[in-house]
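What follows is each chain in one-letter form.
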Amino acid sequence: MLPTLTSSSRRRPPELRRPARALFGLGTVVVALAVAASASAGESSRPRVTVIGDSVAASFDYVPAARRYLGKGLDLRSDAVVCRRLVAASCAFQGRTPATALQVVGTEGHGLGPVVVINVGYNDWAAVYDVDRMMRALEAAGVHRVIWVTLREAGPNASIYAQSNARIRSAGTKWRKSLVVADWSAYSRGKRWFREDGLHLSVTGAMALARFLRPLVVAGTRSG
């Protein structure tokens, strides 16, 4: 039941009621700021993980469930675009030429966080697939753990991808303290997770990639 207004309350000047309203408004602002600060603190307490990829890794952008699965409990950032190359100038797509993976590292620097996933190479050719140069740049950016995804050896460029994979595996030995080879090529062999080209991922494939990477990423966040 609503309280009955007395004659005195009806005659109360509006200016006497304003402070209460102002305090209520101030309290709302304080609560909102506290919630925002708490959310910000929660996000900053999560380990930063950055995925640098081409159109294959971009599956995390169109399959949100895969991205959520991979990023649970993490401050996950993804920079994956069509036509990206590792070190050599990227190819053009719809009139735009994306930054190379190396350029992303140079631009983001320490903002990448301690763990980076590299899933780039389907637009490259083996002769310029310079894993060592990329690793030096990542090391300079303060990255402690690099998870490098091998390329699926399928389609007309399968032999090129095999050569790039050989470079990745060789670098895994050379940079064994900081580089983990995520052998997607072997893991995905014979699976029906792909679109017509045998490279780009279906929804099921995107989830499979997320599940494949998740334990490696989590282990990387605990290794620093």
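Predicted model only: the values in this text are computed from it and were never measured.

Calculation rules
Residues numbered from 1 in each chain as written. Predicted model: local features only at pLDDT ≥ 70, side-chain atom pairs only at ≥ 80, totals over all residues. Heavy atoms only, no water. Pairing = 2+ DSSP bridges. Helix = DSSP H or I, 4+ residues; strand = E, 2+ residues; numbered from the N terminus. Axes fitted to C-alpha atoms, helices over the stretch in contact; angles between N-to-C directions. Contact = heavy atoms within 4.5 Å. Buried < 20%, exposed > 50% of the residue type's maximum accessible area, 1.4 Å probe, protein only. Arc of directions from axis to C-beta. Core = buried A, V, L, I, M, F, W, Y, C linked by side-chain atoms within 4.5 Å. Salt bridge = Lys/Arg side-chain N within 4 Å of Asp/Glu carboxyl O. Lys, Arg positive; Asp, Glu negative; His and termini not counted.

Draft legend 1. Structural view of the sheet that holds strand β4 (residues 145–149). The strand order across the open sheet built from five strands is β2-β1-β3-β4-β5, with neighbouring strands paired in parallel fashion. Single-partner strands in this sheet number two, and they are β2 (75–80) and β5 (179–182). Averaged over all neighbouring strand pairs, the angle between strand axes comes to 15°, with direction disregarded. Where strand β3 (residues 115–119) meets β4, four bridges bridge the pair, whose relative direction is parallel. Following the sheet pairing, I118 is matched in β4 by W148. Strands β1 (48–53) and β2 of the sheet are contacted by helix α4 (residues 64–71), whose axis makes an angle of about 135° with β2.

Draft legend 2. Seen up close, α4. Among all positions of α4, only A66, L70 and G71 are buried. Relative to the axis of α4, the buried residues are bounded by an arc of 120° and lie together on one face. Of the surrounding secondary structure, the elements contacted by the buried residues of α4 are β1, α3 (59–62), β2 and α9 (203–221).

Draft legend 3. Seen up close, the nonpolar core. If you look at the biggest cluster of nonpolar residues, it comprises 34 residues, and the most contacted ones within it are L70, V117, W184, L213 and V217. Counting 24 residues, the second largest nonpolar core, distinct from the first, contains V87, A101, V116 and V143.

Draft legend 4. Broad picture of the pattern of salt bridges. Evaluation of the coordinates by the stated rule reveals six salt bridges. Put simply, R67 and D61 hold a salt bridge, and the shortest N to O gap is 3.1 Å. We classify D61 as partly exposed; its relative accessible area is 42%. As a salt-bridge pair, D75 and R77 come within 2.9 Å of each other at their nearest N and O atoms.

Draft legend 5. Representation of the side chain of R145 in the model. On the secondary structure map, R145 appears in strand β4. Here R145 sits buried without a salt bridge, and the closest side chain of opposite charge, E139, lies 11 Å off (N-O distance). Residue contacts for R145: discarding those within four places in its chain leaves P114, V115, V116, K177, S178, V180, G220 and S223.

Draft legend 6. Structural detail: unusual backbone geometry. In this structure, C83 is a non-glycine residue whose phi angle is positive, near 80°. By the secondary structure assignment, C83 is in the loop between β2 and α5 (101–108). One non-glycine residue, Q94, lies in positive phi territory at about 50°. Secondary-structure assignment places Q94 in the loop between β2 and α5.

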